[in-house]
Amino acid sequence: MYAAWSFALVRFLGAVAVAVAGGLVFGHVELWLLGVLGAYLVFHLSRLFRLWRWLRRRRTEDPPDFGGVWGDVVALVTRIYRRKQFHKRRIVQLFREFRRLTTAMPDGVVVMNAEREILWFNRNAMTLLGLRRKVDFGQRIENLVRHPDFTKYLNGNDYALPLVLRSPVATDVFLSLHVVAYGAGQRLLLARDVSRQMRIEAMRKDFVANASHELRSPLTVISGYLDTMVDDPTVDPAWRGPLEEMRRQAERMRAVVNDLLELSKLEAAGGEAGEDLVDVGGMLALMRKEVLTLDQRPKEIVLRLDSDAKLLGSEAELHSVFANLIGNAVKYTPASGRVDIRWWTDTQGAHFAVRDTGVGIPAAHLPRITERFYRVDPGRARATGGSGLGLAIVKHALQRHGAALEIESEEGKGSLFTCHFPLRRVAARATAVSA
Ligand code: ADP
């Protein structure tokens, strides 16, 4: 490249030298210089003109065939132009691919800015969410997908799990809406038709509810006969052991069936629990009395009521929550141990806690402990007559009350289960009450 410039410089100096020599030989150096420099200028102007003309028509015309520095300039411009064309073609191709991909996607995709105004959406978003091309660009998404749960989900900023809603377009269609946050406050909304999964889920729930219901009556009859036979002195004593075992197993089955039915009921109810006035203090005092009548129990069962606050909720569901948690504490704590039950309120809401000095739960099991049929030690749980559904019921019932379950436990030392109820579920202000 620099070679061309050196050559151009040498040529220019040569032309000047020729002009000076001509002037010296024939006189009028200035006229000779003017003539040579004029010819030099015309030559470069003509090259510049041809370059300009080619740049204007470069799509249809081949580049001019220049040598020297002008040739270098043409080569450089051609290279830059080709590179630009290449990138442009790539971007156009990528964009077309992106559009083809989003059209082929089974999900509806909506791109929103930080103000939740719609910037772009694909064809499936039009079908699933009823969005209209052009008209709905720039609109806020919650003005078009109108549902209080969706607005709450958007405002919540916790998009770990999708939200399932009835479609705003067709009532028999269920949509899973998942927001993905990215960039500077931008959000992507993915909408998927989950009607089939919802139907299968509903069928599964119906099946469990119906099967449990159908099993209940035969089990009651079997348990009744077994009770009679165990107590019957005319029955061969050799049968006493097997009959006792059969009665225990029938009792376990009854517990499982009852818990399955309870869970089915909770699932079928959906949404938020009702708002009966529930006297938690009275309920806990009664439960403590019942526990005290058990043959096998920890020797100390202490109830501390720091508040007389009542809860607004479903009496049956709250009874189930407290009974399950107290029942577990009693079940998994040896006779020499202690169970502490406490009810109190503070500025956050109302709280129920049950602490025991029992076997505890190893940390590895804690994340899964509220799953259905999950047991730390299946052998021990079966021996204690547990269904494995108690904590699943507790979690579900608490969710319906807007409450959270907190579990702390240390293997071999004991456990602490705490339920935190929100202020909106507390019926009366707390006043100190001595237990
Ligand atoms: P189960 O009917 O088997 O007690 P749950 O759902 O109530 O079922 O509890 C699930 C499992 O959690 C139990 O099998 C037991 O291993 C463990 N667990 C629950 N509560 C306690 C507790 N207070 N102490 C130790 N382990 C517990």
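Residues numbered from 1 in each chain as written. Predicted model: local features only at pLDDT ≥ 70, side-chain atom pairs only at ≥ 80, totals over all residues. Heavy atoms only, no water.

Caption draft 1: Here's a closer look at the site of the ligand. The immediate surroundings of the ligand are formed by 21 residues, with N328, Y332, D356, S387 and L391 found nearest. A distance of 2.8 Å separates an oxygen atom of the ligand from a polar side-chain atom of Y332. V376 is positioned such that a nitrogen or oxygen atom in its backbone is 3.2 Å from an oxygen atom of the ligand. Contact with the protein chains removes 97% of the 520 Å² of surface that the ligand exposes when unbound. Looking at the shell around the ligand, the elements with two or more residues in it are helix 10 (315-331), helix 12 (390-400) and strand 12 (414-422). A total of 3 residues in the shell around the ligand trace back to one element, the largest contributor, which is helix 10. For the shell around the ligand, the class distribution of residues is 11 nonpolar, 7 polar and 3 charged. (Near = heavy atom within 4 Å. Polar contact = N/O pair within 3.5 Å; in protein donor to acceptor, adjacent residues only side chain to side chain. Areas by Shrake-Rupley, 256 points an atom, 1.4 Å probe, with all protein chains shown as cover. Helix = DSSP H or I, 4+ residues; strand = E, 2+ residues; numbered from the N terminus. Nonpolar A, V, L, I, M, F, W, Y, C, P; charged D, E, K, R; others polar.)

Caption draft 2: Summary view of a nonpolar patch on the surface. The grouping of L24, V25, F26 and W32 at the surface amounts to a nonpolar patch, some 490 Å² of accessible area in total. If you tally residues by element for the nonpolar patch, the top one is helix 1 (residues 2-26), at 3 residues. Following the sequence through the fold, F26 ends up in helix 1. (Patch = residues over 30% accessible without salt bridge, like charges linked within 9 Å, V, L, I, M, F, W, Y side chains within 5 Å. Salt bridge = Lys/Arg side-chain N within 4 Å of Asp/Glu carboxyl O.)

Caption draft 3: Up close: the nonpolar core. Counting 43 residues, the largest nonpolar core has L284, F322, L325, I341, W343, F352 and F421 as the members making the most contacts within it. Those elements that place two or more of their residues in this core are helix 8 (240-269), helix 9 (280-292), strand 7 (300-305), helix 10, strand 9 (338-346), strand 10 (349-356), helix 12 and strand 12. Per-domain counts for this core show at least three residues from each of domain 3 (197-269) and domain 4 (276-425). Leaving out residues up to four positions away in the same chain, L284 has contacts with L303, L305, F322, I326, I341, W343 and F352. (Core = buried A, V, L, I, M, F, W, Y, C linked by side-chain atoms within 4.5 Å. Buried < 20%, exposed > 50% of the residue type's maximum accessible area, 1.4 Å probe, protein only. Domains from an automatic or database assignment. Contact = heavy atoms within 4.5 Å.)

Caption draft 4: Up close: the pattern of salt bridges. Tallied over the entire structure, the rule returns 21 salt bridges. With its nearest N and O atoms 3.1 Å apart, the salt bridge here joins E251 to R254. Of this pair, E251 and R254 both sit in helix 8, 3 residues apart, roughly one helical turn. Note on R254: relative accessible area 29%, which makes it partly exposed.

Caption draft 5: The pairing of strand 5 (residues 186-193), seen in detail. Strand direction decides the pairing type here: strand 1 (residues 108-112) and strand 5, joined by 5 bridges, are antiparallel. Of the residues in strand 5, the one forming a bridge with M112 is R187. As defined by bridge partners, strand 4 (residues 174-182) adjoins strand 5 across 8 bridges and the pair is classed as antiparallel. Looking across to strand 5, one finds that V180 is bridged to L188. Between strand 4 and strand 5, which follow one another and run antiparallel, lie 3 residues, and G183 among them has a positive phi close to 55°. (Pairing = 2+ DSSP bridges.)

Caption draft 6: Summary view of the sheet that holds strand 2 (residues 118-121). One open sheet holds the 5 strands; their spatial order is 2-1-5-4-3, and the pairing between them is antiparallel. With one partner strand each, in any of the chains shown, strand 2 and strand 3 (163-166) form the two edges of the open sheet. Adjacent strand axes in the sheet meet at a mean angle of 25°, parallel and antiparallel pairs treated alike. Alignment of strand 1 against strand 2, held across 3 bridges, turns out to be antiparallel. Paired with V111 across the two strands is W120, which belongs to strand 2. (Axes fitted to C-alpha atoms, helices over the stretch in contact; angles between N-to-C directions.)

Caption draft 7: Spotlight on helix 7 (residues 195-231). With 37 residues, helix 7 extends 53 Å from end C-alpha to end C-alpha; this agrees with the ideal 54 Å at 1.5 Å per step. R216 marks the point of greatest bend in helix 7, at about 30°, and the proline P218 comes within the next four residues. For helix 7, every residue scored as buried is listed here: S195, S212, L219, S223, L226 and V230. (Expected span 1.5 Å × (residues − 1). Bend = angle between axes of the 7 residues up to and from the residue.)

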